[in-house]
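Inside the fold
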Amino acid sequence: MRRSAAVIAVVEVTVAPLIPPSTPEQGQGTGRRLGALRRPPLPLPDLPIPRAGSSVYGLAAIDVSGRIADRMIVRALGWGCGTRLHIYESAGLIVVRLDPQGVFTLTGQGHLHLPAAVRKWCGLKPGDRLLLAADRDGGVLVVHPPAALDAVVAQIHAAAFGGEQHE
């Protein structure tokens, strides 16, 4: 018996590419890889300016007796119950500084009590929300009443919106 040799024919089939190759842009050389697409870079947002200070911020309402209860701010400054303070008004803001001879103190619960004269000078009413800005490095707390916040926000908005009026 004679064995027959099987003949296998190899047929080469070419498949068209699914993604057509890119053509070089005008003025570009042809040294780029085939298939590489040229796209403009993605736009990047402006990065925020990193914080330079160590301030801690809080929002708190003032109660009928002039107390502000924000223990986080008090702790950030390292103040405890009975800490003596000097409290005064300056340019519509309330400034609170540590003062060993100060006549004001933090309450037994660690609340800040604003004197009636300071509340009156700043036009504060019970329930007003205040921005508290504690500068840990300087050991000072600045209380921003609503009127002061209105002025600052109006100035920032004017700069951001180019003086446009927004309702």
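Residues numbered from 1 in each chain as written. Predicted model: local features only at pLDDT ≥ 70, side-chain atom pairs only at ≥ 80, totals over all residues. Heavy atoms only, no water.

**A closer look at the overall build of the protein**
The secondary structure content of the protein amounts to 3 helices and 8 strands. Seen in sequence order, the protein has helices and strands lined up from the N terminus as β-β-α-β-β-β-β-α-β-β-α. Relative to its full complement of 167 residues, the protein shows a buried share of 26%. Contacts in the protein between residues far apart in sequence, at least 24 positions, make up 55% of those at least 6 positions apart. Carbon and sulfur atoms make up 58% of the accessible area of the protein, which amounts to about 12900 Å² in all. (Helix = DSSP H or I, 4+ residues; strand = E, 2+ residues; numbered from the N terminus. Buried < 20%, exposed > 50% of the residue type's maximum accessible area, 1.4 Å probe, protein only. Contact = heavy atoms within 4.5 Å. Areas by Shrake-Rupley, 256 points an atom, 1.4 Å probe, with all protein chains shown as cover.)

**So, empty space enclosed by the protein**
This structure, assessed with the given rule, holds 1 cavity of 30 Å³ or more. Approximately 40 Å³ is the volume attributed to the largest cavity. Lining the largest cavity are I68, D70, I73, V74, L112, L132 and L141. Of the residues belonging to the lining of the largest cavity, the class tally is 6 nonpolar, no polar and 1 charged. (1 Å grid on protein atoms, 1.4 Å probe; cavity = no way out; pocket = protein on both sides within 12 Å on 5 of 7 lines; lining within 4 Å. Points joined across faces, edges and corners; volume = space filled by probe spheres on them. Nonpolar A, V, L, I, M, F, W, Y, C, P; charged D, E, K, R; others polar.)

**Let's talk about the nonpolar core**
Counting 23 residues, the largest nonpolar core has I68, I94, L112 and L141 as the members making the most contacts within it. When contributions to this core are tallied by element, the ones reaching two or more residues are β1 (55-61), α1 (71-77), β3 (84-90), β4 (93-98), β7 (129-135) and β8 (140-144). Residues in contact with I94, not counting those within four places in the same chain, are I87, Y88, L114, V118, C122, L124, L141, V142 and V143. (Core = buried A, V, L, I, M, F, W, Y, C linked by side-chain atoms within 4.5 Å.)

**With respect to the sheet that holds β7**
Strand order in the open sheet formed by 6 strands is β1-β7-β8-β4-β3-β5, with antiparallel pairing between adjacent strands. Edge positions in the sheet fall to β1 and β5 (104-105), since each has one partner strand and no second. Pairing of β3 with β4, which is carried by 6 bridges, proceeds in the antiparallel orientation. Its bridge partner being in β4, I87 is matched across the sheet by V96. Its contacts with the sheet put helix α3 (residues 146-161) on β4, β7 and β8, and the angle it makes with β7 is roughly 75°. (Pairing = 2+ DSSP bridges. Axes fitted to C-alpha atoms, helices over the stretch in contact; angles between N-to-C directions.)

**Description of the pairing of β3**
Taken together, the 2 bridges between β3 and β5 define a ladder with antiparallel strand orientation. Along β5, the bridge assignment pairs R84 with T105. The loop that links β3 with its antiparallel partner β4 comprises 2 residues; one of these, A91, has a positive phi angle of about 55°.

**Considering the pairing of β4**
Note that β4 and β8 share 4 bridges and pair antiparallel. Each bridged residue has a counterpart across the sheet, and for V96 the counterpart in β8 is L141.

**So, the side chain of T107**
Position of T107 among the secondary structure elements: in the loop between β5 and β6 (112-113). Each residue touching T107, except ones within four places of it in the same chain, is listed here: R67, C81, G82 and H113.

**Things to note about the pattern of salt bridges**
Summed over the entire model, instances satisfying the criterion amount to 1 salt bridge. The salt bridge partner of D63 is R67, with a shortest N-O separation of 2.8 Å. Among the residues examined, D63 registers a relative accessible area of 25% and is labelled partly exposed. (Salt bridge = Lys/Arg side-chain N within 4 Å of Asp/Glu carboxyl O.)

**Topic: α3**
Given a rise of 1.5 Å per residue, 16 residues ought to cover 22 Å, and the 22 Å separating the end C-alpha atoms of α3 matches this to within 8%. Positive phi appears at G162, one or two residues downstream of α3, with a value of about 65°. (Expected span 1.5 Å × (residues − 1).)

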